[in-house]
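Reading the structure
In case you want the letters, here they are:
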Amino acid sequence: MNDAGPALLAVRDLTKSFPSVRALDGVSFDVRAGEVHALVGENGAGKSTLLKILAGALAPDSGTVALEGRPLRGGSPAARRRAGIAMVYQELPLVPEMTVVENVLLGNEPGGFFVRPDLRRRRVAELLAELGVRLPLDAPVRILGAGERQLVEIAKALAVNAKVLLLDEPSASLGPSDFERLAAIVRRLASRGAGVVYISHRIEEIFRVADRVTVLRDGRTVSTDAAGSVDRAIVIERMVGRSLSEEYPAIDWEPGEPILAVEGFGRGAAFDGVAFTMRRGEILGVAGLVGAGRSDVAMALSGARPAGRGRVRLRGEDVAIRSPAEALRLGIGLLTEDRRALGLVPDRPVRENATLAAISRFSSFGWLDLGRERSLAKEALDALRLRAPSIESRVADLSGGNQQKVLLARLWLRRPEVLVVDEPTRGVDVGARAEIYARLVEIARAGAAILLISSDLPEVLGLSHRVLVMKRGRVAGLLERSAATPDAVMRLAA
Amino acid sequence: MSPQRRSALALAGVAFAFLATFSIIDPAFLTVANQRNVLQQIGATVLLGTGMTLVVLTGGIDLAVASTAALSAVAGAMAASAAGFGSGALALGVVVALATGAAVGTVQGSIVALAGVPPFLVTLAGLTVLRGAAFLLCDGVPVANFPEAARGIGRGFVLESWLGSSIPASLVVVVAFVAAAEIVLRRTAFGRSLYAIGGNSEAARLAGLPVRRDLIAAYAVSGLAAAAGGLLVASRQGSADPKLAREGLELDAVAAVVLGGTSLSGGRGSAIRTFVGAWLIGSLRPVLNHLGVESYGQDVAVGLVILAAALLDRFMGRGRD
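Residues numbered from 1 in each chain as written. Chains lettered and ligands numbered in written order. Predicted model: local features only at pLDDT ≥ 70, side-chain atom pairs only at ≥ 80, totals over all residues. Heavy atoms only, no water.

**A look at the packing of aromatic side chains**
Inspection of every chain in the model, using the stated rule, returns six aromatic pairs over all chains. Ring centres of Phe 265 of chain A and Phe 271 of chain A lie 5.7 Å apart, and the angle between their planes is 55 degrees; this geometry places the pair in the tilted category. Classification of Phe 271 of chain A by relative accessible area gives buried; the value is 1%. Consider the rings of Phe 22 of chain B and Phe 29 of chain B, whose centres lie 5.0 Å apart with planes at 75 degrees: the pair is edge-to-face. In this pair, the class of Phe 22 of chain B matches that of Phe 29 of chain B, namely buried. Through a chain of ring-to-ring contacts, the aromatic side chains of Phe 18, Phe 22, Phe 29 and Trp 279 of chain B assemble into a single cluster. One Lys or Arg, Arg 348 of chain A, reaches over the ring of Tyr 195 of chain B and ends 4.0 Å from the middle of that ring. (Phe/Tyr/Trp six-rings, centres within 6.5 Å; stacked < 30°, edge-to-face > 60°. Buried < 20%, exposed > 50% of the residue type's maximum accessible area, 1.4 Å probe, protein only. Lys NZ or Arg CZ within 6 Å of the ring centre and 35° of its normal.)

**Looking at unusual backbone geometry**
Residues and elements named next belong to chain A. A positive phi angle, near 50 degrees, is found at Glu 423, a position not held by glycine. Relative to the helices and strands, Glu 423 is located in the loop between strand E19 (418-422) and helix H15 (430-445). Owing to a relative accessible area of 6%, Glu 423 belongs among the buried residues under this scheme. A positive phi is found at Arg 472, a non-glycine position, where the angle reads about 45 degrees. The residue Arg 472 is located in the loop between strand E21 (466-471) and strand E22 (474-480) in this model. Here Arg 472 falls in the exposed class, since its relative accessible area comes to 72%. (Helix = DSSP H or I, 4+ residues; strand = E, 2+ residues; numbered from the N terminus.)

**Some details on the sheet that holds strand E13 (residues 283-288) of chain A**
Residue and element names in this part refer to chain A. The sheet built from six strands is open, its strands ordered E16-E19-E20-E13-E21-E22 with mixed pairing. Lying at the two open borders of the sheet, with one neighbouring strand each, are strand E16 (332-335) and E22. Neighbouring strand axes in the sheet, compared pairwise and without regard to direction, differ in orientation by 20 degrees on average. Note that E13 and strand E20 (residues 449-453) share four bridges and pair parallel. Residue pairing in the sheet places Gly 285 in a bridge with Leu 452 of E20. Across the sheet, helix H9 (residues 294-301) touches E13, E16, E19, E20 and E21, and the angle it forms with E19 is around 145 degrees. (Pairing = 2+ DSSP bridges. Axes fitted to C-alpha atoms, helices over the stretch in contact; angles between N-to-C directions. Contact = heavy atoms within 4.5 Å.)

**With respect to the confidence of the model for chain B**
Mean pLDDT over chain B stands at 89; residues scoring 70 or higher make up 94%. Scored by ipTM, the complex comes to 0.89, with pTM at 0.79. (pLDDT = per-residue confidence, 0-100.)

**Re the sheet that holds strand E12 (residues 271-279) of chain A**
Whether parallel or antiparallel, the strands of a sheet pair through hydrogen bonds between backbone atoms. Residues and elements named next belong to chain A. The strand order across the open sheet built from four strands is E12-E11-E14-E15, with neighbouring strands paired in antiparallel fashion. Every other strand in the sheet has two partners, leaving E12 and strand E15 (317-319) as the edge strands with one partner each. Put simply, the sheet's adjacent strands are angled 20 degrees from each other on average, direction ignored. Two elements, strand E14 (residues 309-314) and E15, share three bridges in a ladder whose sense is antiparallel. Bridged to Val 312 within E15 is Val 319. Where H9 meets the sheet, its contacts fall on strand E11 (258-267) and E12, and the angle it forms with E11 comes to roughly 115 degrees.

Next comes the structure, spelled out in structure tokens:
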């Protein structure tokens, strides 16, 4: 907020090269005490590398990072934390079986050698009070939702009295109301004098939380502006180096006859009494807060975690979906929300990852026809404009957006009639998003039904024929495209 | 350069460095006679290691291979002996041995795949149970007095008249087995599935792969390969002894797998790599002998080489992520 504040963190002319790519090519910006400084850029723009350098996990080739005027040299992530720069990771490295208290204080126990339960509880309670949130202190972290885990992660950064907080995609797994809470906390941290570096792919968010915005492209800083002096379109244009005319393709066709009907669908306490129908060629959006049970429905419908109750009618016949293999045989496939844990086989090439669910299309009696596999993979990946050095590259070396394209190719190569896509653009940059949207729309237009689950509300509204809103494991309402406004959805969801 | 290729080059580099060093230390090292000897010696390690490679690719391990080899060899020899050691009886013995190994592997694989017990525990139990079972089966008395025909594979040579110098019959079997395994890994849906399971088993399951079936099959193949290794040793020794391969052959097999660069966490590696790994270990000992290093010193050296290979793979084979 204080425009002329001195630089808390000063980054000057950072460069960093890897064997095959120049990741940073002269990055400079300042973070002032008391400001939220957003850092935006497409995947591959150099944000991750920059963050790793700031957090002490990588050393730059040249350039300097100074905290309160003192240059920081070398050092490990632990040393950087002690110096006052704390990173809140995108992938939330918490220990699931440990309690909230234990996780917050991990690596930073108060007292001496022996654990002091009273001291620890009090300390964590104070930290959470500072954040203005309540969490069950003695609950194992594994039972918390994504939004709550995020808070634990932030409390962990506070526990070291961080002067600079690096937030990497903190909202990636949050729904709208969780985001509001996060935004309030971020603002609060800044008002207490911390400098917050905030990275997100969701441009709308930037304008809600940030004081200034720095745009990175191809490893360089393109611009730094006060958030009030630029708008969404300008930021996107600077990120991609071109203007994106149409964000969402037109949804201008009518769906065909019903293909799937679900009634009384439920599993445990996760969701119950869920009912909906899908038609051929229809994109049915599913909106709701995190924890509303949307992904649980996706997992049940695709056999990943089968439902315990209810009836599924596919093409007019009752079916039982007990495993992913069975769902795929019936023509129902899943694009998972958790790319790393449930989707990618990281060490294997792009080609094998793309064809993993469709091996029968290029094999007979178990023998693989590698030539046919290559052409199938190429065709599917070209349709998504995959950008990779080669289809033989290790899939782990691709950017998030390109990895997501590989998984969408995997799903579509199987030719399912019902696609369950869960958070298809999470952690995906603007350019790749457009390509994924275009492909999903083509697939639906060709007659497949798509269940589109997303925490990105504009995405759900922009792509769906109808929007199903879930709340606490139940269907809260169903909105036709014309009636599906952000307000209407939020009234049902909250 | 892809990490796979970097890792393959690292292995080739190590192998070449060994080759050069060994040749300098021991001028006889690269002679046909010496190599024939080495390749004959490592036959059982390669067979056990190749089977184990399939299991390790899924992220598991099979510590029971040496015990499986002993039990299968004893079972096969007893069957052949009971049938009178004729040529039909020998065929029966081979079938019984291989079936025993495959059955043992299937049981272990089922416990891993269906009950979710960690492979280390299942096969550690297997290691003791199967060794004990081998002793119980024959009352601790080795089945000896193999007829000459039964000793052919272990000791015999082929193509004697063609090449002037001859090829050990065991080498033919071993190479055929490794080649078959490599083809299965590269060119079949089953092989593809093993890599996927080891790389990310949940992703494999969600992609609709028959994860449980293929896991069980991997352990079954490992059991089968162990049985083949047991037959090879028994054939060479001319008897099936329940103490067969009791000097840590399972660890030699693990060492060959690891030295070849197959990742113990699964998803990366190949059968040929295991062959190269076994060859490196098998070559090292005679060379150390030549240098006058006694057997404990050799153990130290072999262990250090394995550690060095693991470190090299760690730093050469990994891309940045």
